[in-house]
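A structural walkthrough
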Number of protein chains: 2
Amino acid sequence: MIIGGIEAGGTKFVCGIGNEKGEITNRISIPTTNPTETMDQVKHFFRGTPLDAIGVGSFGPIDLNRNSGTYGYIKNSPKVEWKDFDFAGAISSIWNVPIGFDTDVNAAALAESIWGAAEGLSSCLYITIGTGIGAGMIVQGSMLSGISHPEMGHIRVRRHPKDHYEGCCPYHHDCLEGLAAGPALEERWGKKGVALKGVDQVWELEAYYLSEALVNFILTLSPMKIVLGGGVMKQHQLFPLIQKMVQYKLNGYLSFNELSQENIAQYIVPPGLGDDAGLKGALALAMRAYQSKL
Amino acid sequence: MIIGGIEAGGTKFVCGIGNEKGEITNRISIPTTNPTETMDQVKHFFRGTPLDAIGVGSFGPIDLNRNSGTYGYIKNSPKVEWKDFDFAGAISSIWNVPIGFDTDVNAAALAESIWGAAEGLSSCLYITIGTGIGAGMIVQGSMLSGISHPEMGHIRVRRHPKDHYEGCCPYHHDCLEGLAAGPALEERWGKKGVALKGVDQVWELEAYYLSEALVNFILTLSPMKIVLGGGVMKQHQLFPLIQKMVQYKLNGYLSFNELSQENIAQYIVPPGLGDDAGLKGALALAMRAYQSKL
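Quantities reported herein were computed from a predicted structural model and do not represent experimental measurements. (Residues numbered from 1 in each chain as written. Chains lettered and ligands numbered in written order. Predicted model: local features only at pLDDT ≥ 70, side-chain atom pairs only at ≥ 80, totals over all residues. Heavy atoms only, no water.)

Points about the interface of chain A and chain B
Listed as interface residues are 45 residues of chain A and, on the opposing side, 45 residues of chain B. When the two sides are added together, the surface that chain A and chain B hide from each other amounts to roughly 4200 Å², 55% of it contributed by carbon and sulfur. At the boundary of chain A and chain B, one finds 4 salt bridges. Between R156 of chain A and E212 of chain B there is a salt bridge; the shortest N-O distance is 2.9 Å. For the pair chain A and chain B, the interface holds 24 residue pairs in polar contact (both at pLDDT 80 or more). (Contact = heavy atoms within 4.5 Å. Buried area = accessible area lost by both parts, 1.4 Å probe. Salt bridge = Lys/Arg side-chain N within 4 Å of Asp/Glu carboxyl O. Polar contact = N/O pair within 3.5 Å; in protein donor to acceptor, adjacent residues only side chain to side chain.)

This is the structure:
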């Protein structure tokens, strides 16, 4: 089987050709400019490859309601040139094959649950902490969705009493993303995260906010594995801090083995697929679409 | 079909005999004392009725992991006599029929999604605000579960700056339940909720905390309907307050019709089944168990 995958991010599109095992044989990275230009480059990359299916993990928000007249569209994105772009429609006008289409984070969650850190588990929460904060959730093997895909990056978290930074979310100021995504880190401390590696208080505060969110996600979703990816999580010193604070805040209320002293480092983990979670997720979406047409 | 349902609550067990349409023909209420005494009365109520299936919606926490050695047990409940009681085992030792077993709130969510306020929808969040706060979530027609059932009542919420009540959760002090369940209301204001009906600030603060939680649940779970039940929600003046605060806090970030000015009163609603959501949920669990054996 030859599968096409597109990890459509806000700054770059990563396209890859792979197979049903999630193996990638060829890939390219394309800057995200405007739909006409970027889609032309996407088309050019895949030209001549006889694809059996194609999958797209897209930045959002996107319309995933199949009964909606704008299914597959990018919705009110801050990236104005992409707002109201019929992404799924553009793909299906090029390729007459099964098409998988979902959020970039749902795709990554799916890939982690098939080939990565949550392999063999029926439930997995994947969170990316980078330019923004987004999350995808697999429940009983499928992407969690209801009215729409989740928007967990914007949950309200309890402020740290000593943190007076106002937050940078244009909608909510100090929601999780407004307090803990890369831009918030940079605005609060005056430097990019990578330049603050040795400053303990930076990562303690970051772990404080991420653990606020994780405690709520654990109590709400009961995930079997939590995978934390994205640029900010390259600061691996965050993992033990987050693990400890999650235990402290739950205070023994949930008595699961996963949350025990011995096991929590295997419960809250980096992506098993490293930086390939998104692209492999797009392959997984394609596979799902292909199988559902059989 | 003749179905038995048990709504097993911390203060009373409601047992009923019904059918696959969720109609209840006979019922009884039994005080929750200890397992031997209460189960004897349950057995007595159903004696002579040829049940095709039986369902239990139980207070928790309960073990729902089918691979666990303690599947169907009540876990570390504050009700000491019920801690480690093999509830599902006790039922199956009495009745040799398909048995449905889940939390009381998952059962209520299921009933609301089949016969109640979320009829015809594939997703529904049911929250009860009473002696405690618990929630059940239906996703694509099934109960959401992962490591275990959710424990949404204990999420961390942002404190109201003018509220200095310390909270009454024995594990977390000021989690949602510790700040907004019935006992918190009573301890904070010195009177039971029913005696405070006309005092606006009581319900504004209550709506503040419940809307904090709902905003996070909406962003995390994207439910198609939110049903609020339980004793505290008998104060119907809470509904418009909560609806308004949810919109205010989301600040237009989610552009779904459900959250619009015209529709939000149909999105955050009282139980369509009134006080029968729990018992009818037990019938629905029984039906599910019966169908899965066919």
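Regarding helix 7 (residues 238-250) of chain A
Residue and element names in this part refer to chain A. Under the 1.5 Å per step criterion, the end-to-end length of helix 7 is 18 Å for 13 residues, consistent within 8% with the ideal 18 Å. Here helix 7 has its buried residues at L238, F239, I242, Q243, M245, V246, Q247, K249 and L250. In this fold, the buried residues of helix 7 make contact with helix 6 (200-221), strand 9 (226-229) and strand 10 (268-269). Directly after helix 7, the chain includes N251, whose backbone phi takes a positive value near 55°. (Helix = DSSP H or I, 4+ residues; strand = E, 2+ residues; numbered from the N terminus. Expected span 1.5 Å × (residues − 1). Buried < 20%, exposed > 50% of the residue type's maximum accessible area, 1.4 Å probe, protein only.)

As for the relation of the copies chain A and chain B
Once turned by 180° and shifted 0.0 Å along the axis, chain A lies on chain B with an RMSD of 0.0 Å. Between the two chains, the operation in question is that of a two-fold axis. Among all residues of chain A, the one whose C-alpha sits closest to the rotation axis is R158 of chain A, at a distance of 2.3 Å. Comparing interface residues between copies, 100% of those in chain A also lie at the interface in chain B; the contact surface is shared. (Least-squares fit on C-alpha atoms with pLDDT ≥ 70 in both.)

Remarks on the packing of aromatic side chains
Aromatic ring pairs are described here by two measures, namely the spacing of the ring centres and the angle between the planes. Here the structure, examined in full by the defined rule, presents 24 aromatic pairs over all chains. With a centroid separation of 5.3 Å and an interplanar angle of 90°, the aromatic rings of W82 of chain B and F85 of chain B are classed as edge-to-face. Aromatic pair F85 of chain B and F87 of chain B: ring centres 5.5 Å apart, planes at 40°, arrangement tilted. By relative accessible area, F85 of chain B is classed as buried at 17%. Among the residues examined, F87 of chain B registers a relative accessible area of 0% and is labelled buried. Within the aromatic cluster, the residues linked to one another by ring pairs are F13, F59, Y71, W82, F85, F87 and F101 of chain A. The side chain of K249 of chain A reaches across the aromatic face of Y208 of chain A, ending 4.0 Å from its centre. (Phe/Tyr/Trp six-rings, centres within 6.5 Å; stacked < 30°, edge-to-face > 60°. Lys NZ or Arg CZ within 6 Å of the ring centre and 35° of its normal.)

A look at the nonpolar core
If you look at the biggest cluster of nonpolar residues, it comprises 102 residues, and the most contacted ones within it are L228, I242 and I268 of chain A together with L228, I242 and I268 of chain B. Each residue touching I268 of chain B, except ones within four places of it in the same chain, is listed here: L214, I226, L228, F239, I242, Q243 and V246 of chain B. Counting residues in each nonpolar core, the second largest holds 28 residues, with M39, F45, W82 and I99 of chain A among its members. (Core = buried A, V, L, I, M, F, W, Y, C linked by side-chain atoms within 4.5 Å.)

Considering helix 5 (residues 182-189) of chain B
All names here are of chain B. The set of residues buried in helix 5 consists of G182, A184, L185 and R188. Along the axis of helix 5, the buried residues cluster in a sector spanning 165°; they form a single face. In this fold, the buried residues of helix 5 make contact with helix 4 (176-180) and helix 6 (200-221). G190 occupies a position one or two residues after helix 5 and carries a positive phi of about 80°. (Arc of directions from axis to C-beta.)

Thoughts on the pattern of salt bridges
Tallied over the full model, the rule gives 20 salt bridges over all chains. K83 of chain A is the partner of D84 of chain A in a salt bridge, and the nearest nitrogen-oxygen pair spans 3.8 Å. In the salt-bridge network here, residues are joined through shared partners; they are R158 of chain A together with R159, D163, D174 and R188 of chain B.

Looking at the sheet that holds strand 1 (residues 3-8) of chain B
All names here are of chain B. Taken in spatial order, the 5 strands make up an open sheet running 3-2-1-4-5, and their pairing is mixed. Every other strand in the sheet has two partners, leaving strand 3 (24-31) and strand 5 (99-103) as the edge strands with one partner each. Between one strand axis and the next, the sheet turns through 15° on average, direction left out of account. Pairing of strand 1 with strand 2 (residues 12-18) involves 6 bridges; the strand directions are antiparallel. Bridged to G5 within strand 2 is G16. Together, strand 1, strand 2, strand 3 and strand 4 (53-58) form the strand contacts of helix 1 (residues 35-46), whose direction differs from that of strand 2 by roughly 15°. Helix-sheet contacts for helix 2 (residues 87-94) involve strand 1, strand 2, strand 4 and strand 5, and the interaxial angle to strand 5 is about 160°. (Pairing = 2+ DSSP bridges. Axes fitted to C-alpha atoms, helices over the stretch in contact; angles between N-to-C directions.)

Topic: the packing of helix 6 of chain A against helix 7 of chain A
Residues and elements named next belong to chain A. Between helix 6 and helix 7, the least distance of the axes is 8 Å, while the angle of their chain directions is 50°. For the element pair helix 6 / helix 7, the angle class is oblique. Crossing handedness for the pair helix 6 and helix 7: right-handed. Along the contact surface, helix 6 presents W203, E204, E206, A207, Y208, L210, S211, E212, L214, V215, I218 and L219, while helix 7 presents L238, L241, I242, M245, V246, K249 and L250. Of the residues that constitute the contact of helix 6 with helix 7, the class distribution is 14 nonpolar, 1 polar and 4 charged. (Parallel < 35°, antiparallel > 145°, perpendicular 65-115°, else oblique. Left-handed = near helix turned anticlockwise from the far one by under 90°. Nonpolar A, V, L, I, M, F, W, Y, C, P; charged D, E, K, R; others polar.)

Section: the domain arrangement of chain A
All names here are of chain A. Each domain of chain A was delimited in the assignment, giving domain 1 (3-106 + 275-292) and domain 2 (119-270). Inter-centroid distance (C-alpha atoms) of domain 1 to domain 2 is 26 Å. Facing 12 residues of domain 1, the contacting portion of domain 2 comprises 16 residues. When domain 1 packs against domain 2, close to 1000 Å² is buried across both sides, 52% of that on carbon and sulfur atoms. In terms of surface lost to domain 2, no three residues of domain 1 exceed V105, N106 and R288, which account for 52% of the buried area on that side. (Domains from an automatic or database assignment.)

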